[in-house]
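Examination of the molecular architecture
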Protein chains: 2
Amino acid sequence: MLETFFSPKAVAVIGASRDPHKLGYGVIRNLIEYKFRGDIYPVNKHASEILGLNCYASIEELPDGVDLAVVVVPAGVVPDVLKQCGKRSITNAIVVSGGFSETGGEGAELEDELKKVAEENGIRIIGPNCIGTIDTHTPVNTTFVVGMPQQGEIGFISQSGAMVAAVIDWARGAGVGFSRIVSLGNQADVTETEMMDVVGSDSQTKVITAYAEGISDGKLFLEKAEALSLKKPFVILKGGRSEKGAAAVSSHTGALAGSEVAYSAAFRKAGVLEAGTMEEMFDWARALAWQPLPKGKRIAVLTNAGGPAILAVDAIVKAGLEISELSDETRTYLKSRLPKAASVNNPVDVLAGSGPATYTLALEALLSDETVDAVLVIQAPQDWFLPVSLAEVVGETAGLHNKPVIASIMGKASVDEALNILHKRRVPNVAFPERAASIFKAMIQRKEWMEMIDFRNKHFSGIDKRDVSGLIKENKWDELVQQYDIKLPEQKVAATMNDAIRISSNIGYPVVMKMISDKYSHKTDIGGVKTGLRSEKEVREAWSIITEAAEENQAKMKGVLIQKMIENGQEVIVGIKRDPQFGAMILFGTGGTDVELYKDTSTAIAPLCEIEAQNLIDNTIAGRKMQGWRNAPKADIEAVKETLIAMSYLAVHYPEISELEINPLYVMKEGSGVVAVDVRGALSDEG
Amino acid sequence: MLETFFSPKAVAVIGASRDPHKLGYGVIRNLIEYKFRGDIYPVNKHASEILGLNCYASIEELPDGVDLAVVVVPAGVVPDVLKQCGKRSITNAIVVSGGFSETGGEGAELEDELKKVAEENGIRIIGPNCIGTIDTHTPVNTTFVVGMPQQGEIGFISQSGAMVAAVIDWARGAGVGFSRIVSLGNQADVTETEMMDVVGSDSQTKVITAYAEGISDGKLFLEKAEALSLKKPFVILKGGRSEKGAAAVSSHTGALAGSEVAYSAAFRKAGVLEAGTMEEMFDWARALAWQPLPKGKRIAVLTNAGGPAILAVDAIVKAGLEISELSDETRTYLKSRLPKAASVNNPVDVLAGSGPATYTLALEALLSDETVDAVLVIQAPQDWFLPVSLAEVVGETAGLHNKPVIASIMGKASVDEALNILHKRRVPNVAFPERAASIFKAMIQRKEWMEMIDFRNKHFSGIDKRDVSGLIKENKWDELVQQYDIKLPEQKVAATMNDAIRISSNIGYPVVMKMISDKYSHKTDIGGVKTGLRSEKEVREAWSIITEAAEENQAKMKGVLIQKMIENGQEVIVGIKRDPQFGAMILFGTGGTDVELYKDTSTAIAPLCEIEAQNLIDNTIAGRKMQGWRNAPKADIEAVKETLIAMSYLAVHYPEISELEINPLYVMKEGSGVVAVDVRGALSDEG
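For the structure given in this document, a descriptive report is provided here.

Definitions and cut-offs
- Residues numbered from 1 in each chain as written.
- Chains lettered and ligands numbered in written order.
- Predicted model: local features only at pLDDT ≥ 70, side-chain atom pairs only at ≥ 80, totals over all residues.
- Heavy atoms only, no water.
- Buried < 20%, exposed > 50% of the residue type's maximum accessible area, 1.4 Å probe, protein only.
- Helix = DSSP H or I, 4+ residues; strand = E, 2+ residues; numbered from the N terminus.
- Pairing = 2+ DSSP bridges.
- Axes fitted to C-alpha atoms, helices over the stretch in contact; angles between N-to-C directions.
- Contact = heavy atoms within 4.5 Å.
- Expected span 1.5 Å × (residues − 1).
- Arc of directions from axis to C-beta.
- Least-squares fit on C-alpha atoms with pLDDT ≥ 70 in both.
- Polar contact = N/O pair within 3.5 Å; in protein donor to acceptor, adjacent residues only side chain to side chain.
- Parallel < 35°, antiparallel > 145°, perpendicular 65-115°, else oblique.
- Nonpolar A, V, L, I, M, F, W, Y, C, P; charged D, E, K, R; others polar.
- Left-handed = near helix turned anticlockwise from the far one by under 90°.
- Buried area = accessible area lost by both parts, 1.4 Å probe.
- Salt bridge = Lys/Arg side-chain N within 4 Å of Asp/Glu carboxyl O.
- 1 Å grid on protein atoms, 1.4 Å probe; cavity = no way out; pocket = protein on both sides within 12 Å on 5 of 7 lines; lining within 4 Å.
- Points joined across faces, edges and corners; volume = space filled by probe spheres on them.

Time to look at the pairing of strand 24 (residues 570–579) of chain B. All names here are of chain B. Buried residues dominate strand 24, accounting for seven of its 10 residues. Examined bridge by bridge, strand 24 and strand 27 (residues 657–667) share six bridges and lie antiparallel to one another. Along strand 27, the bridge assignment pairs Val 574 with Ile 662. Sheet topology note: the strand 24/strand 25 (residues 583–590) ladder contains eight bridges and is antiparallel. The residue bridging Ile 573 from the neighbouring strand is Gly 589, located in strand 25. Hairpin connection between strand 24 and strand 25: a loop of three residues separates the two successive antiparallel strands.

And the structure:
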């Protein structure tokens, strides 16, 4: 039924107007001007006709068969209008009117009423406080915004109406086509996640893009987005990533913005590509819609000028991609076809005097070279030949191969026609070649995610749920992680100094002593931890210092933990955090006392498969260090992966744990495992 | 005399052509078409007239008074042409012809000849292998590139001809004006640094921009660029920042690309703003040419739509700037003038229905608020009023204040006229509001640099040169740094084990023992360093282990250094590196064995003033940690600053030191100084 928003049979505009300054006029104008082929019924009791269409005085009088109402009446009247729509079996409504939850208290109550009425009458609603929908293929345009993008393959879902207006205007100027566009407004009923499904299942839509300020249901989003990403590329631009931006979101829509880290982790998990700017979102979308994914990250640059190619190479390398080392065959061939002074190494510079034929031969050679995964073709402005000729040959040659090609026919004043040709040939163009780097990176990110999902499906191995509710209730975090096969150092609690001496001698020196107290979690801060104790004398001294520290800080000491001191391991942190939107997240990074200073941590949504655990490790400096740094031997990365996977299932199995942190987890050398030296947890309020 | 390149009296075009496909035709066409008011003399022995101008068969026959020759003849003929120019007292020549050093061996020889001839004949040369010069105010256009930017205040110096062609085409499309443009080609004679002076001293030029792949003389550049930056903003885009890009530079022009870190440090030192992309360079240039610098980093955002404002806030915060907390007065006032549902907090959202008058009142209030240092005005596309009206009021209101204003009238198809108005009012516009963040950041960077220079001039305190050449020759690095008032831990060399025991007891436990050997610099890697020795027994054990390690690794041991072990200090690294282009650089950051892993280092060009030393510290995590992290007391930052300044002068005084590194330098708590635990140096080959 949501499909009706994009392919209605007959549209009634409630609050249609003859006044060109009113929104109710704009909606009628757009329906007519952008050639909606179904019936259009203006409803306005004061007019007999609007823009040549017969006007109806009331919803009651409308002919049968209307399936979509666009509502442009004052907020207070909307619930009543919906009731009447219900009576006439109108199943879908776009409520353009503002004055609901975005204005605070009273408006929010009105929105609740609207929701109730819609539900009772079986009407699905987009809005209120929205701009409406566009489908360029149907075609239908229910918005009041002047202009309509040309037909294309990009779907755009927006939680900001202004962004839709901006995109429509920009798309017309840039000549980028769209399939479907929708502005969701306050999302009283239809959510971004439902809309992803509708836009995603449209056969004309090859890429889904979205501007989102919040997600209505994190878990559902993860599930739907992942399913969607498997079928089509899904690019999102998240507004409110900074704290100040998030505050503005909440004053803007009242939605919860959520943490930047959690959103990024969720997008990564679900294979959603997160763009940094609007320009980037649509750069990526065009390339993903038009070009095949690259097989690897080795890029070739073909150019007629050094400077722009150098800037592109800088950007490509900065994005973590590689500059292909061309094969000898390709270089020999290029030498035979290019001018003598041309560079046949990557970037390949055909020099200013070369024309479309030389470009064709060079591009063909690069695309045929198995060391090349993708090609960027740069043309700096020149007067030898028309940019359109280059556009033709680049488009045609690219079409003969299954590797992505991005063009950068530079300049602005003289290249419009060339861009049209490239677009027709489905080759994206960027005005500045540096922008290609981010496009290639996004394409490779998608390719790698798809391989990861493939791996996960083939090698899925979850971890069984262990019965540990009792331990959790009693905050026995040490024993809890042991149940999930995570090892602790040998340790025992001492109640008296003599106890401490006996235990230390049994465990064997060196030992660590830690105050046990409810009051302080960072016990090092008050001198409650003593490490590297190597004799009875040192244990005695440490006991005195710790008990004194407890007294000074008025911490009720429950004893002292004596632990075998682990030496020569690498300190990492493994943690469970819980995001209000997306649930359990696993954190990994450099551990010890300076965690928050160095911020060398990475986060992923639980549960983790092996490859996700590996990616989490690879994203950190701690991960690089584990591979064997300076004189240190390679660390037991396999054991760390097992620990991350175990923790991720522990988090999934027991949602009542709000936080669980192992810091430090000591990683020993390859084959020698890991040891959880300090484990702390917390229960959620409901837990 | 270099001025003549931009304001010649009479121009001869050697190699002028009647064939529209030849460069020698394009040059004549541009001189005529872009209204050069002096005389134009085509030289071509086969033609009698070109484009209506009388043609001369030889340079000999030219009338007197020619001061600039544009040379477009085959490479081999160029030296002879220059000789003839010399005879006719032509003082300046632009050599467009290619086929010189950029083609390798023979071409390089030819270029040497050209240089010699030019020098002998007192001719200054731009090129060869260049595009020429443009001055929009003279006006003169000696290039063959179709199109000419409109008059403006941005000067552009380029080491890539293609970049000039791209910029001309882009500037015409974007409506951005330029004052002077020059392409330098192979720089056989006139260098980028000389050209900076010529373009910088032009009264029409308000901002200097440059695309540079290399710098001809680092020290001279530093000096000239700093002097220039004091007068005018100077923005540079550096090509070849990545290793691959640098390789492409060297195959492109044969120039040395130099290290990215050194270039960035040099630009920072000289107050040159380093842009990341071409778009960024010209975004910054426009704003710096047109708008005043902000007094601080508190930005206000004024908008008619939530989404775009949120993206802008995200970008502003990410750039390290602040979102101003508006004063109560401003908020009260805004409440009285804006629609009820409008947001009167920053970002200020006037809502979609508001027009130019509301924008005017709100912008006036924001610019009058002393909590606001700069304003971004966003207008999402709407149908209530014409964007031109907003452009008028924003331009006019901005002109009443002395704070920078950037506009983002979004969209593309409908805003061209509005942009013209904004440009006339000298308010820069960006199509996507996020781009404003980088502009404001660049402006603030310039303001802070100017304050720094001001401070330096007022508080300059160098350090006297000490007579330490003898110590340097003998590689006595420990003693060397002591001469510059940097303290070492108490220490002594032991030749035998008994020696070691006696010395340790005198110094007091704990001690550190370090093998002394020429062969290994990272002695920890082979077990040559033992720390935390607390008894005679441990010293004995350590002695055995170290001597064994020396034997195993065939390192000739020259004794063992016994050092008082410093505890509870923060480990940092302070180093001198020498860049082939810019000379002595000072490095600071997190020290210890993981320096290269964490890469928490920052670099500055020596010598350092106090504020530069502070900036160097502030750029690192080590610096943040010194401010007092967790339970650690605040560290002695003053002592670190003194050490950095001392090292920077040591580097300047003794250029024969190629490298000097203190790692770790132990920083004790505030007031307790620093201790250089390990000092290593190296002499340059010439030293």
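More follows now that the structure is in view.
So, about the sheet that holds strand 20 (residues 491–494) of chain B. Residue and element names in this part refer to chain B. Pairing is antiparallel in the open sheet, where four strands are placed in the order 20-23-21-22. Whereas interior strands pair on both sides, the edge strands pair on one side only; in this sheet they are strand 20 and strand 22 (529–533). Ignoring which end each strand starts from, the neighbouring axes of this sheet average 20° apart. Here strand 21 (residues 511–517) runs beside strand 22; their pairing, made up of three bridges, is antiparallel. Bridge pairing in strand 22 places Lys 514 opposite Val 529. The sheet strands contacting helix 19 (residues 536–552) are strand 20, strand 21, strand 22 and strand 23 (557–564), and the helix crosses strand 21 at an angle near 20°.

This part is about helix 19 of chain B. Residues and elements named next belong to chain B. Here helix 19 is 17 residues long and its end C-alpha atoms lie 24 Å apart, about the 24 Å a rise of 1.5 Å per residue gives. Residues Val 539, Ala 542, Trp 543, Ile 546, Ala 549 and Ala 550 constitute the buried set of helix 19. Taken end-on, helix 19 shows its buried residues confined to a sector of 135°, consistent with a single buried face. Across from the buried face of helix 19, at angles greater than 90 degrees, the exposed residues are Lys 537, Glu 551 and Glu 552. If you follow the buried residues of helix 19, they end up packed against strand 20, helix 18 (497–507), strand 21, strand 22 and strand 23. Where helix 19 terminates, the next one or two residues include Gln 554, which has phi positive at roughly 50°.

Next up on the list: the relation of the copies chain B and chain A. Here chain B sits on chain A after a turn of 180° about the axis and a move of 0.0 Å along it, with an RMSD of 0.1 Å. Taken together, the rotation and translation relating the two chain copies correspond to the operation of a two-fold axis. If distances are taken from each C-alpha of chain B to the rotation axis, the shortest is found for Tyr598(B), at 4.4 Å.

Before going further, it helps to spend a moment on the environment of Asn92(B). Residues and elements named next belong to chain B. For Asn 92, the position within the fold is in strand 6 (residues 92–95). Since its relative accessible area comes to 0%, Asn 92 is described here as buried. Each residue touching Asn 92, except ones within four places of it in the same chain, is listed here: Met 1, Leu 2, Thr 4, Phe 5, Asp 67, Leu 68, Ala 69, Ile 123 and Arg 124. In terms of polar contacts, Asn 92 uses its side chain to reach the backbone carbonyl oxygen of Met 1, at 3.0 Å.

Here we take up the packing of helix 2 (residues 78–87) of chain A against helix 3 (residues 105–120) of chain A. Residues and elements named next belong to chain A. Relative to each other, helix 2 and helix 3 sit at 5°, their axes nearing to 9 Å. Taken together, the axes of helix 2 and helix 3 are roughly parallel relative to one another. Contacts between helix 2 and helix 3 involve Val 78, Pro 79, Leu 82 and Lys 83 from the former and Leu 110, Glu 113, Leu 114 and Val 117 from the latter. For the contact of helix 2 with helix 3, the class distribution of residues is six nonpolar, no polar and two charged.

This part covers the packing of helix 5 (residues 192–200) of chain B against helix 6 (residues 218–231) of chain B. Residue and element names in this part refer to chain B. Contact geometry of helix 5 with helix 6 gives a least axis separation of 10 Å together with a crossing angle of 10°. Here helix 6 runs roughly parallel to helix 5, going by the angle between their axes. Both helix 5 and helix 6 take part in a crossing whose hand is left-handed. Of helix 6, the residues touching helix 5 (which contributes Thr 193, Met 196, Asp 197 and Gly 200) are Leu 220, Phe 221, Lys 224, Ala 225 and Leu 228. Its residues assigned to classes, the contact of helix 5 with helix 6 comprises five nonpolar, two polar and two charged.

On to the interface of chain B and chain A. Listed by partner, the interface residues are 74 residues for chain B and 74 residues for chain A. Taken over both partners, the interface formed by chain B and chain A buries close to 6400 Å², and the fraction arising from carbon and sulfur atoms is 62%. Inspection of the chain B/chain A interface yields four salt bridges. With its nearest N and O atoms 3.8 Å apart, the salt bridge here joins Asp314(B) to Arg241(A). At the junction of chain B with chain A, the criterion picks out 14 residue pairs in polar contact (both at pLDDT 80 or more). If you list the elements that add at least two residues to the side of chain B that touches chain A, you get helix 4 (161–174), strand 13 (234–238), helix 7 (243–253), helix 9 (278–290), helix 10 (306–318), helix 20 (595–598) and helix 22 (621–626) of chain B. The greatest single-element share of the side of chain B that touches chain A, amounting to nine residues, is contributed by helix 4 of chain B.

A water-sized probe rolled over the atoms picks out the places where empty space is left. Residue and element names in this part refer to chain B. Evaluation of the coordinates by the stated rule reveals four cavities of 30 Å³ or more. By volume, the largest cavity is sized at about 60 Å³. Ile 157, Gln 159, Glu 192, Met 196, Ala 210, Tyr 211, Ala 212, Ile 215, Phe 221, Phe 234 and Ile 236 are the residues that line the largest cavity. Looking at the lining of the largest cavity, the elements with two or more residues in it are helix 5, strand 12 (207–212) and strand 13. Residue composition of the lining of the largest cavity, grouped by class: nine nonpolar, one polar and one charged.

Turning to unusual backbone geometry, a few remarks are in order. For the bond from Gly127(A) to Pro128(A), the omega torsion is 0°, close enough to zero to count as cis. Within the secondary structure layout, Pro128(A) lies in the loop between strand 7 (124–126) and strand 8 (132–135). The backbone of Ser89(A) sits at a positive phi, close to 60°, despite the residue not being glycine. Relative to the helices and strands, Ser89(A) resides in the loop between helix 2 and strand 6 (92–95). Notably, Leu51(B) is not glycine yet its phi reads approximately 50°, a positive angle.

Turning next to the sheet that holds strand 6 of chain B. All names here are of chain B. Pairing in this open sheet of five strands is parallel, and the strands run 2-1-5-6-7 from one edge to the other. Looking at strand neighbours, the two that pair on one side only are strand 2 (39–43) and strand 7 (124–126), the edges of this open sheet. Each neighbouring strand pair of the sheet contributes to a mean axis angle of 20°, computed without reference to strand direction. Bridge analysis of strand 5 (residues 68–71) against strand 6 gives four bridges, and the strand direction is parallel. Looking at strand 6, one finds that Ala 69 is bridged to Ala 93. Against the sheet, helix 2 (residues 78–87) touches strand 1 (10–14), strand 5, strand 6 and strand 7, its axis set at about 165° to strand 5.

Function cannot be read off these values alone, since they describe shape.
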